[in-house]
Amino acid sequence: MGAMNSKLTFAFTILLAVTLFAGCGEGKDPYEIFGNSQAIPTIALPMDVSNVGGAAISPAKDRLDITVAGTTATVPLVSPVNGIVTAIDGVGPYTLTIFHNSRFSIQIGNLGTLPGVRVGDAVIEGQILAAVYTISPLIYFSVFQNGAAVCPLVAFNATARDRIRAFTPVPCP
Amino acid sequence: MIQKIPLIGVVYVLGIALANCALCEEPKAEMRLSGIAGGMSYSTAMGDNYQAYTQPRGAVAEAWIAEPHLLGPVFDLHATVNYLPYQVRGLTDSTLNQWSFLLGIETGRGANANWVKPFVSLDIGGVYSKLSIPAAVTSPTQNSSFLFAGQVRGGVDIPIWGKLSVQFASPLKVVFSAKKFVTLNGDVSLRWAL
């Protein structure tokens, strides 16, 4: 009886261990990171609209170049979406890729300072990512849908779209 | 963690009490390992998560413990360890590695080794999940979690030769994250009755 008792005590000690460990982990819960809706989101600009000093859409209509107005050192760039940082390329300026869901991701290039995020970080909408590259106050903004670069204007909200169209009337499909 | 202390205490005290109460009579038979199994697992995430994760193939290992005094001749304790590497759709080199450690009760095991045996089990336990990212990245952020989980598992056991049999099982597993992760798996394994 003593042996059986100790075996069952062992089994319940395992259950106790599961109870103790539940909730433990490092960083963010992976299931939450990829728990975004699969819908294509409508996003804002990665900065305040008042800081947009110019804009141009690339000839292939797959990239938006935004000139930053004002004192570039104080213009923070923020994430327009919830997602996870999947790549940081370059050695200054940097290019940051944020994955929102399996259909939608964005890329922000020509970032001046080392971004305050690392690969694998979960970022939320409005979170400060980096500062503008002061030598060339211009950022490159790309949107990817289902793996292909699309015209960024199609993803922007009305405020952002109006601001961009004030500088570049190029129609987007 | 502080909020969990009462829950931990209740689980532990109830467990020990149950163990002792169940043993207040004379034992009729000893607890013993009654079977082991190993095989392949195939999984698909359900609901919205279907679009986020691929259907991976993984591995499953199981063990059964007969405890005739507490569970009678019909029920067995069932322990399972399962590994599934879910790829994230739309990303390369990103894998959600999931290890499940579940313990529960199974019914359907008959004494006759020649029977085709349908079975069903209810298991609870924990799931450890870790998101791996490209190895080339220096100083990446690690994301992992250990969460409660449970599964209902039905299937059929078909004898092959002697104590060896093949099992086809279909566990419906729920990981209790903030947004529940529900998967329907298909397991094929070889079982050796002991």
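Structure first, text after, so check above.
Residues numbered from 1 in each chain as written. Chains lettered and ligands numbered in written order. Predicted model: local features only at pLDDT ≥ 70, side-chain atom pairs only at ≥ 80, totals over all residues. Heavy atoms only, no water.

The subject of this paragraph is empty space enclosed by the protein. To find leftover empty space, a probe the size of one water molecule is rolled over the atoms. All names here are of chain B. What the rule picks out here adds up to two cavities of 30 Å³ or more. Its boundaries defined by the atoms lining it, the largest cavity holds a volume of some 60 Å³. What lines the largest cavity is simply Val60, Glu62, Thr80, Asn82, Ser100, Leu102, Gln151, Arg153, Pro171, Lys173, Asn185 and Asp187. Contributions of two or more residues to the lining of the largest cavity are made by β2 (57-66), β3 (75-87), β4 (95-107), β6 (143-161), β7 (164-175) and β8 (181-193). Broken down by class, the residue content of the lining of the largest cavity amounts to three nonpolar, five polar and four charged. Here the second largest cavity is characterised by a volume of approximately 40 Å³. (1 Å grid on protein atoms, 1.4 Å probe; cavity = no way out; pocket = protein on both sides within 12 Å on 5 of 7 lines; lining within 4 Å. Points joined across faces, edges and corners; volume = space filled by probe spheres on them. Helix = DSSP H or I, 4+ residues; strand = E, 2+ residues; numbered from the N terminus. Nonpolar A, V, L, I, M, F, W, Y, C, P; charged D, E, K, R; others polar.)

This part is about the pairing of strand β1 (residues 52-57) of chain A. Residues and elements named next belong to chain A. In the sheet, β1 pairs with strand β2 (residues 64-68) via five bridges, with the strands oriented antiparallel. Residue pairing in the sheet places Ala56 in a bridge with Asp65 of β2. Joining the antiparallel neighbours β1 and β2 is a turn of six residues, in which Lys61 adopts a positive phi near 60°. (Pairing = 2+ DSSP bridges.)

On to the packing of aromatic side chains, then. All names here are of chain B. One pass over the full model with this rule turns up 10 aromatic pairs over all chains. Here the aromatic rings of Tyr53 and Tyr86 are separated by 6.0 Å at their centres, their planes lie at 70°, and the arrangement is edge-to-face. Here the residue Tyr53 occupies a position in the loop between α2 (49-52) and β2, and Tyr86 occupies one in strand β3, the gap between them amounting to 33 residues. By relative accessible area, which is 1% here, Tyr53 ends up buried. Arranged with centres 5.2 Å apart and planes meeting at 35°, the rings of Tyr83 and Trp99 form a pair that is tilted. Within this pair, whereas Tyr83 is found in strand β3, its partner Trp99 is found in strand β4, the two being separated by 16 residues in sequence. On the basis of relative accessibility, which here comes to 29%, the residue Tyr83 falls in the partly exposed class. Assessed through its relative accessible area of 31%, Trp99 is described here as partly exposed. (Phe/Tyr/Trp six-rings, centres within 6.5 Å; stacked < 30°, edge-to-face > 60°. Buried < 20%, exposed > 50% of the residue type's maximum accessible area, 1.4 Å probe, protein only.)

Now for the side chain of Thr95 of chain B. Residue and element names in this part refer to chain B. Checked against the element boundaries, Thr95 lands in strand β4. Looking at Thr95, its side chain comes within polar contact range of the side chain of Gln87, at 3.3 Å. If we skip the residues at most four places from it in the chain, Thr95 touches Pro85, Tyr86, Gln87, Lys130, Leu131 and Ser132. (Polar contact = N/O pair within 3.5 Å; in protein donor to acceptor, adjacent residues only side chain to side chain. Contact = heavy atoms within 4.5 Å.)

Pairing between the strands of a sheet is mediated by backbone hydrogen bonds and can be parallel or antiparallel. Residue and element names in this part refer to chain B. Judged by pairing direction, the barrel is antiparallel, and its eight strands sit side by side in the order β1-β2-β3-β4-β5-β6-β7-β8 before closing back on the first. Averaged over all pairs of adjacent strands, the angle between strand axes in this sheet comes to 25°, irrespective of strand direction. As paired strands, β6 and β7 are joined by 12 bridges and run antiparallel to one another. In the strand pairing of β7, Ala149 is matched with Val175. (Axes fitted to C-alpha atoms, helices over the stretch in contact; angles between N-to-C directions.)

Residue and element names in this part refer to chain B. Inspection of the sheet shows β4 paired to strand β5 (residues 117-132) by 13 bridges, in the antiparallel sense. Looking at β5, one finds that Trp99 is bridged to Tyr128. Of the strand pairs in this sheet, β5 and β6 are connected by 15 bridges, and their pairing is antiparallel. Within the sheet, the bridge partner assigned to Leu122 lies in β6 and is Val152.

Right, let's talk about a nonpolar patch on the surface for a bit. All names here are of chain B. Where nonpolar side chains cluster on the molecular surface, the patch consists of Leu33, Ile36, Ile160, Trp161, Leu190, Trp192 and Leu194 and spans about 720 Å² of accessible area. If you list the elements that add at least two residues to the nonpolar patch, you get β1 (32-45), β6 and β8. Of note, Leu190 is situated in strand β8. Looking at Leu190, the relative accessible area reads 46%, which means it is partly exposed. (Patch = residues over 30% accessible without salt bridge, like charges linked within 9 Å, V, L, I, M, F, W, Y side chains within 5 Å. Areas by Shrake-Rupley, 256 points an atom, 1.4 Å probe, with all protein chains shown as cover. Salt bridge = Lys/Arg side-chain N within 4 Å of Asp/Glu carboxyl O.)

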